Amino acid sequence: MLKVYDDTYFMNQALAQARLAAAEGEIPVGAVVVSNERIIARGYNQTERLSDVTAHAEVIALTAAANHLGDKYLHDCTLYVTLEPCPMCAGALAWSQVSRIVYGASDDKRGFMRFGREILHPKTRLEFGVLHEECSELMTSFFASRR
């Protein structure tokens, strides 16, 4: 019997990635890419570790998913990410033509929605607020511990 997972399950998997980032002193953002009810790629922020400003969770997960599928396009895939993507990541998501993006917490300072949904591919479905409190609390507690 095929187990059917829901958005909460996959967002919890993204949160696990975000916790790995936090444990390494990175901004705690995590992402997973799902295809056919299966996680095909995972990523978490690694900008400090790699000294690379583009090493965001979404970009790492997109690259891993493309390698897994052998295709730069992520049709029929969903990206779950704990924080609203930045404009750079939203651009990468648009180019990948990912079918669906689900994010947990909004990013009022650096999130792509400040510039409008139009940055995404027109066919990409967008959903937000899944495990919002958990995702927001992880970010809040991370930055509170740094102050």
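Residues numbered from 1 in each chain as written. Predicted model: local features only at pLDDT ≥ 70, side-chain atom pairs only at ≥ 80, totals over all residues. Heavy atoms only, no water.

Asks: A description of the nonpolar core should follow, citing residues and the corresponding values.
Replies: Core analysis: the largest hydrophobic core is formed by 38 residues, its most contacted members being Met 11, Val 33, Leu 79 and Tyr 80. The set of elements that each furnish at least two residues to this core consists of helix H1 (7-23), strand S1 (30-35), strand S2 (38-44), helix H3 (57-69), strand S3 (77-83), helix H4 (87-96), strand S4 (100-105) and helix H5 (132-146). Ignoring anything within four residues of it in the chain, the contact list for Val 33 reads Arg 38, Ile 39, Ile 40, Ala 41, Ala 61, Ala 65, Cys 77, Thr 78 and Leu 79. (Core = buried A, V, L, I, M, F, W, Y, C linked by side-chain atoms within 4.5 Å. Buried < 20%, exposed > 50% of the residue type's maximum accessible area, 1.4 Å probe, protein only. Helix = DSSP H or I, 4+ residues; strand = E, 2+ residues; numbered from the N terminus. Contact = heavy atoms within 4.5 Å.)

Asks: So, the packing of aromatic side chains: which residues are in play, and what are the values?
Replies: A full pass over the atoms with the stated rule returns 4 aromatic pairs. Considering the side-chain rings of Tyr 103 and Phe 128, the 5.6 Å spacing of their centres and the 20° angle between planes classify their relative orientation as stacked. Remark: Phe 128 occurs in strand S5 (residues 125-128) and Tyr 103 occurs in strand S4; sequence separation between them is 25 residues. With relative accessibility at 3%, the residue Tyr 103 sits in the buried group. Following the ring pairs from residue to residue traces out a cluster consisting of Tyr 9, Phe 10 and Tyr 80. (Phe/Tyr/Trp six-rings, centres within 6.5 Å; stacked < 30°, edge-to-face > 60°.)

Asks: Outline the UniProt feature "active site" (unreviewed entry) in the protein chain, listing residues and values.
Replies: The sites that UniProt annotates as "active site" (unreviewed entry) are Glu 58. Here Glu 58 is to be found in helix H3. (UniProt positions renumbered as here; feature names shortened; annotations may be inferred.)

Asks: Please give an account of the sheet that holds S2 that cites residues and values.
Replies: The 5 strands lie next to each other as S2-S1-S3-S4-S5, forming an open sheet whose pairing is mixed. What marks the edges here is a single partner per strand, and that holds for S2 and S5. Pairs of neighbouring strands in the sheet enclose a mean axial angle of 15°, with direction left out of account. Looking at chain direction, S1 and S2 are connected through 6 bridges and run antiparallel. (Pairing = 2+ DSSP bridges. Axes fitted to C-alpha atoms, helices over the stretch in contact; angles between N-to-C directions.)

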